[in-house]
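Fold and geometry: a report
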Amino acid sequence: MLVTGNDILVPARAGKYGVGAFNTNNMEITQAIIHTAEKLRSPVIVQMSEGAIKYGGQDLANIVIDIATRATVPVALHLDHGSSYENALKAIKMGFTSVMIDASHHSFEENVRETRRVVEAAHAMGISVESELGRLGGIEEHVVVDEKDAFLTDPGEAVQFVEETGTDYLAIAIGTSHGAYKGKGRPYIDQARIERIGELVSIPLVAHGSSGVPAEIVGRFRDSGGEIGDAAGIADEDLRLACQHGIAKVNVDTDLRLAMTVGVREVLTKNPKEFDPRKVFGPAREVMAGIVEHKMGVLGSVGKA
Ligand SMILES: O=C(COP(=O)(O)O)NO
Ligand code: NA
Ligand SMILES: [Zn+2]
């Protein structure tokens, strides 16, 4: 059934488990996400970035809404990295049940102002809101303290921000970063900082940049002709621990991109004569379903629906 982000994340925070928020750009990705959630009896969030909306528009949103509505587990459709008040409202008009306003690159005051505007409008329409405080970005462990503080979310500021905006869930900067190159080897996750914020702030917390970039997928990507550097993602153990301390929404995009591309490449390189789209995108859907299944196991959302 189609529900709001709050319907999924408030129980997740209370139950100390994470729920995957997986980015989609087409039907097969959406099916891999929602069908796997149904198979594992797990709640799930399907999210579209503004780029995905540009690419698939209402057509894609309708595919997600239709599959989510018929799903036997709770599914929310979330606007990922909404860049303006107008875009957040447009997404709600398109049928989104959760929206992010990402004004974290502005000053604290401007971020509060912009976020509060979206919260008031979204709440008037029964839609829940994600906002962000702090600068996402890989932080090497050796980095000196004040540089870390310049980037990562300050616990005291988080309390003030939540009070002043009424945001329903909060994306915090804790060392994760977007993409396939999250740092040399194991990216540094500031667990103490997550724990501190989790103690002070009771709303669900969000971890962006949470793809694991599994070595097995990276190997298959290379073996099927892909070019990728020394990619690294967040360790399963770090993610599991983060969910114990208040992280409830866990954003994953890169892993599905890699998985889909691996599926397609492997078919096309192994069977150069193949040109049936179902034989190309079907296997890709299976590889993505495996990624979703693994992630739900790490986050502890299996059986929670
Ligand atoms: O944060 C993400 C995705 O992060 P990844 O690149 O680690 O999948 N989307 O908002
Ligand atoms: Na988001
Ligand atoms: Zn993100």
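Each value, and the rule that gives it
Residues numbered from 1 in each chain as written. Chains lettered and ligands numbered in written order. Predicted model: local features only at pLDDT ≥ 70, side-chain atom pairs only at ≥ 80, totals over all residues. Heavy atoms only, no water. Axes fitted to C-alpha atoms, helices over the stretch in contact; angles between N-to-C directions. Helix = DSSP H or I, 4+ residues; strand = E, 2+ residues; numbered from the N terminus. Parallel < 35°, antiparallel > 145°, perpendicular 65-115°, else oblique. Left-handed = near helix turned anticlockwise from the far one by under 90°. Contact = heavy atoms within 4.5 Å. Nonpolar A, V, L, I, M, F, W, Y, C, P; charged D, E, K, R; others polar. Donors = N, O, S within 2.8 Å, 3.2 Å for Na, K, Ca; no water. Buried < 20%, exposed > 50% of the residue type's maximum accessible area, 1.4 Å probe, protein only. Salt bridge = Lys/Arg side-chain N within 4 Å of Asp/Glu carboxyl O. Phe/Tyr/Trp six-rings, centres within 6.5 Å; stacked < 30°, edge-to-face > 60°. Lys NZ or Arg CZ within 6 Å of the ring centre and 35° of its normal. Core = buried A, V, L, I, M, F, W, Y, C linked by side-chain atoms within 4.5 Å.

Below, the discussion takes up the packing of helix α2 (residues 27-39) against helix α12 (residues 277-299). Here α2 crosses α12 at 45 degrees, and the two axes come no closer than 8 Å. Overall, the two elements α2 and α12 adopt an arrangement that is oblique. Where α2 crosses over α12, the handedness of that crossing is right-handed. Between α2 and α12, the contacting residues are Met27, Glu28, Ile29, Gln31, Ala32, Ile33, Thr36, Ala37 and Lys39 on the first element and Phe281, Arg285, Met288, Ala289, Val292, Glu293 and Met296 on the second. The residue makeup of the contact of α2 with α12, split by class, is ten nonpolar, two polar and four charged.

Quick look at the coordination of the zinc ion (ligand 3) now. Around a metal, the idealised angle for a tetrahedral arrangement of four donor atoms is 109.5 degrees; for an octahedral arrangement of six donor atoms it is 90 or 180 degrees. Protein-derived ligands of the zinc ion (ligand 3) are His81 (NE2), His178 (NE2) and His208 (ND1), with the metal-ligand distances lying across 2.0 to 2.1 Å. Sequence positions of the residues that donate to the zinc ion (ligand 3) give the spacing H-x96-H-x29-H. Separation of the zinc ion (ligand 3) from the sodium ion (ligand 2) amounts to 5.6 Å. Placement of the pair is histidine 178 in the loop between β6 (169-172) and α8 (191-200) and histidine 208 in the loop between β7 (205-207) and α9 (215-223), with a sequence separation of 30 residues. You can call histidine 208 buried: its relative accessible area is 1%.

Moving on, we come to the pattern of salt bridges. Following the criterion strictly, the structure yields 14 salt bridges and no others. For glutamate 216, the salt bridge identified is with arginine 220, shortest N-O distance 3.1 Å. In this pair, glutamate 216 and arginine 220 both sit in helix α9, four residues apart, roughly one turn of the helix. We note a salt bridge from glutamate 266 to arginine 220, for which the minimum N-O separation is 2.8 Å.

Attention now goes to the packing of aromatic side chains. If you walk through the whole model with that rule in mind, you get one aromatic pair. Arranged with centres 5.9 Å apart and planes meeting at 70 degrees, the rings of phenylalanine 108 and phenylalanine 161 form a pair that is edge-to-face. Residue phenylalanine 108 is located in helix α5 (residues 108-124), and its partner phenylalanine 161 is located in helix α7 (residues 155-165); the two are separated by 53 residues in the primary sequence. Judged by relative accessible area, phenylalanine 108 falls into the buried class, the value being 15%. Given the relative accessible area of 0%, phenylalanine 161 is considered buried. Here the guanidinium or amino end of arginine 117 rests over the ring plane of tyrosine 85, the centre of that ring lying 3.8 Å away.

Generally speaking, a soluble globular protein has its nonpolar side chains buried in company with each other. With 83 residues, the main nonpolar core has Ile33, Met48, Phe96, Val99, Leu170 and Ile247 as its most contacted residues. In terms of residue count, the dominant contributor to this core is α12 (ten residues). Residues within four places of isoleucine 33 in sequence aside, it is in contact with Phe22, Asn23, Thr24, Val44, Val46, Leu256, Val292 and Met296. Ranked by size, the runner-up nonpolar core spans 14 residues in total, among them Leu9, Ala12, Ala21 and Ala76.

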